[in-house]
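Architecture and fold: a report
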Amino acid sequence: MNTGKQLSDYEEVLLPKDIMEILHISRSTVYKLLDTGDIKSIRVGNAYRIPKRNLTAFMFPESKDLSSTSESARIDKEKGGLE
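First, a word on scope: everything that follows refers to the structure included in this document. (Residues numbered from 1 in each chain as written. Predicted model: local features only at pLDDT ≥ 70, side-chain atom pairs only at ≥ 80, totals over all residues. Heavy atoms only, no water.)

Once that is clear, we can look at the environment of Gly4. Mapping Gly4 onto the fold places it in the segment before β1 (13-14). Spatially, the C-alpha atom of Gly4 lies 9.8 Å from that of Ile22, the residues being 18 residues apart in sequence. (Helix = DSSP H or I, 4+ residues; strand = E, 2+ residues; numbered from the N terminus.)

As structure tokens, this is what we get:
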């Protein structure tokens with residue numbers, strides 16, 4: 001099912017059905033990823049809510065490493081400028 005939607009078209013907090021559409025995976029696969037914590041989520045009662053940033057962290061795990069590296073480089077640069 002291709003809805004033609006871009007990730008930016010979705011709300012900042014996603015529902016499991018949104019994950020199904022975005023990743024083109026089954027309902028059971030979505031719930032397995034949520035239950036195992038592969039995709040970090042928030043439980044509200046029996047319902048899952050997934051911040052969009054958690055989905056992008058799952059989809060692009062290397063981006064987290066790159067951002068933390070660039071963040072530490074920025075901090076080092078700032079410290080160097082103060083000394």
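Looking now at the packing of aromatic side chains. For the structure shown, the criterion picks out one aromatic pair. Here Lys5 stacks its cationic end above the ring of Tyr10, 4.2 Å away from the centre of that ring. Positioned over the ring face of Tyr48 is Arg43, at 4.5 Å from the centre of the ring. (Phe/Tyr/Trp six-rings, centres within 6.5 Å; stacked < 30°, edge-to-face > 60°. Lys NZ or Arg CZ within 6 Å of the ring centre and 35° of its normal.)

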